[in-house]
Amino acid sequence: PPNGGGYKEYACTLPTLPRVVYECCISITTDPRDRMGERFSHFFEISKRDFGNISVTTCNASLSAFRDAYAASTSKAAISLGIAGSKDPVYALCQQHASCILENSTEWAKANLGASNLILGLLPTILAVIAPSMTEMAVLGVHRPLLSAIISISTPSILQGRVFYYEDPGEVLKTEYTRGDIRHPLAFGPWSTRSAALVGIVEFVLAAGILLNTLILVIQLANNSILSWGCTRTWPMFLWMFVPILIHTIASVGYSMTLKSKDAAASGGVQLNSRPASNEGIALHKISGNDKAGGSSKVTATGYDASPTTSQRKGFLRRNIDRELTSCASHSHISRDTRIQDGQDRRLQIGILLNSIAGFLGFLHLVFATVVFSALLFIVPLDAIGQVALRLLLSALTCRFIVMFELAGLRGRPTREETGGKQGKESLLGNAA
């Protein structure tokens, strides 16, 4: 090793919680324009031993020139965006200093950079395989859009089988398969409102923690490394993180459009018998006064839930907040009979088109992520694995389990309750193709 230490010095260690919290506070409270002036001063823990000392000692002259030029610049936002590219003197000085670090690094350190670029370049594809798929997120986005948005940012990886190939999101909720199909999808529920609320809040806490982990890591990557094709550009990492929320929103809207509209459902939807809140969940807990007396008033299924009365509309915001904070195992659904069956229906065609567009955008996002991660410099393999890959994999796995849990709750809900009390656990929304 360059510093004469043993191999123990290079052990792969995860970041400790106090250091992560400290770096988060510093990164968030620091002006982004000031972070550019501190570039080449911050590296990941192990990478700093190979490149940090060279940056502030051997290449101190080029580092000072870069900082002075940036401090004197009047267009700091344009520098961070890298609009002028190599024509910008600050950008040129940034490249010059990066070249100085590489020229004075050992061949062993340069070989490690090549290995890190390979690891990081494969990371987006690995994350896409582990993270929730676009079709799963589309279903969750219809039922709990806020949780879906948080998850899409927490694990910004999108898996799509084929470009412009429509994968029906409703298929992930099927519980019945043809003969010979041995799949047994996870299903449970229904739950009481209290249990569903407890689980829903725990899921939000987990999602918020994973979001914080991903945000801190993205800030660290923007500050502790540089792009080989954009020395002063910091926006690509943030673009990679926040674009998936737009893509998943398009997919969720497309999926919801394959369901009948409220007007169509009102004229031809199925009738659902309301049940007590503990059994039906919060979605139908205040349908009418008869429910409190154990009555069996009927409501007509709409595009997502029973058509609200005038009194219910007054509590629209509260009801949607309640829905967000409870697990899908207590949500009510329309039955498969309210799914659009006419292949010539304009809403169905638009919904399929939006889903296909979202899949294509997901493919472009994967390509962009590969280009960005494979171009990150000054990260050694141990940091690429311990500080970057493992943290993103942790985020992806946690979000995957949350989505699997929610989809299992949706599969466990009875979906059709005919007039007269007949009910059965048939396949859920999306079971009809």
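Residues numbered from 1 in each chain as written. Predicted model: local features only at pLDDT ≥ 70, side-chain atom pairs only at ≥ 80, totals over all residues. Heavy atoms only, no water.

S.K.: Got a minute to help me understand the packing of aromatic side chains in this structure?
M.R.: Considering all chains together, one arrives at 5 aromatic pairs under this definition. For the ring pair F40 and F66, a centre distance of 5.8 Å and an interplane angle of 80° mean the geometry is edge-to-face. On the criterion of sequence distance, the pair formed by F40 in the loop between α2 (32-37) and α3 (47-56) and F66 in helix α4 (residues 60-72) is long-range, its members being 26 residues apart. Among the residues examined, F40 registers a relative accessible area of 3% and is labelled buried. Seen in terms of ring centroids, F164 and F360 are 5.1 Å apart; in terms of plane orientation they differ by 15°. Their pairing is stacked. (Phe/Tyr/Trp six-rings, centres within 6.5 Å; stacked < 30°, edge-to-face > 60°. Helix = DSSP H or I, 4+ residues; strand = E, 2+ residues; numbered from the N terminus. Buried < 20%, exposed > 50% of the residue type's maximum accessible area, 1.4 Å probe, protein only.)

S.K.: How do you make sense of the environment of K48 when you look at a structure like this?
M.R.: Mapped onto the elements of the fold, K48 is located in helix α3. Here K48 falls in the partly exposed class, since its relative accessible area comes to 44%. Residues K48 and N224, spaced 176 residues apart in sequence, show a C-alpha to C-alpha distance of 9.3 Å. Setting aside chain neighbours within four positions, we find K48 in contact with F43 and N53. (Contact = heavy atoms within 4.5 Å.)

S.K.: Please explain the state of the cysteines as it appears in this structure.
M.R.: Covalent bonding between the sulfur atoms of two cysteines defines a disulfide. Applying the stated rule across the entire model yields 2 disulfides. The disulfide that involves C59 links it to C100, with 2.0 Å between the sulfurs. Between C59 and C100, the disulfide has an S-S torsion of -90° and is therefore left-handed. Remark: C100 occurs in helix α6 (residues 89-103) and C59 occurs in the loop between α3 and α4; sequence separation between them is 41 residues. Relative accessible area serves as the criterion here: at 2%, C59 is assigned to the buried category. By relative accessible area, which is 17% here, C100 ends up buried. By sequence order of its bonded cysteines, the protein has the disulfide arrangement 1-3, 2-4. (Disulfide = S-S within 2.5 Å.)

S.K.: Can you help me understand the confidence of the model for the protein in this one?
M.R.: Atomic detail in the predicted coordinates should be set aside for any region of low pLDDT. Looking at the protein, the pLDDT average stands at 75 and 68% of residues meet or exceed 70. When mean pLDDT is compared element by element in the protein, strand β4 (residues 376-377) scores highest at 96, while helix α13 (residues 277-280) scores lowest at 32. Every residue in residues 334-338 scores below 50 in pLDDT, and together they form 26 contacts with partners more than four places removed in sequence or on other chains. (pLDDT = per-residue confidence, 0-100.)

S.K.: What exactly am I supposed to notice about helix α11 (residues 235-257) here?
M.R.: Residues spaced three or four apart along an α-helix face the same direction, because each turn holds 3.6 residues. Compared with an ideal rise of 1.5 Å per residue, which puts 23 residues at 33 Å, α11 spans 33 Å between its outermost C-alpha atoms and is within 8% of the ideal. Within α11, the axis deviates most sharply at M241, by approximately 30°, and proline P244 lies no more than four positions further along. (Expected span 1.5 Å × (residues − 1). Bend = angle between axes of the 7 residues up to and from the residue.)

S.K.: Sorry if this is basic, but what is going on with the pattern of salt bridges here?
M.R.: Two side chains of opposite charge can pair, provided their charged atoms sit close to one another. In total, this model carries 4 salt bridges according to the counting rule given. Between K110 and E107 there is a salt bridge; the shortest N-O distance is 3.6 Å. Taken together, the positions of K110 and E107, both in helix α7 (residues 107-130) and 3 residues apart, correspond to about one turn of that helix. Residue E203 pairs with R144 through a salt bridge whose shortest N-O separation is 2.7 Å. (Salt bridge = Lys/Arg side-chain N within 4 Å of Asp/Glu carboxyl O.)

S.K.: Would you mind going over the side chain of S157 with me for this structure?
M.R.: Residue position: S157 is located in the loop between α9 (145-154) and α10 (193-224). Contacts of S157, omitting those with residues within four sequence positions, involve P124, L127, A128, A131 and P132.

S.K.: Would you explain the packing of α10 against α11 in this entry?
M.R.: The angle between the axes and the distance between the axes are what describe a pair of packed helices. Orientation of α10 relative to α11, taken along the N-to-C sense of each, is 160°, at an axis distance of 8 Å. The orientation of α10 with respect to α11, classified from their angle, is roughly antiparallel. As α10 runs across α11, the sense of the crossing is right-handed. Seen from α10, the contacting residues are L211, T214, L215, V218, I219, L221 and A222; seen from α11, they are M237, F238, W240 and M241. Across the contact of α10 with α11, the residue classes tally to 10 nonpolar, 1 polar and no charged. (Axes fitted to C-alpha atoms, helices over the stretch in contact; angles between N-to-C directions. Parallel < 35°, antiparallel > 145°, perpendicular 65-115°, else oblique. Left-handed = near helix turned anticlockwise from the far one by under 90°. Nonpolar A, V, L, I, M, F, W, Y, C, P; charged D, E, K, R; others polar.)

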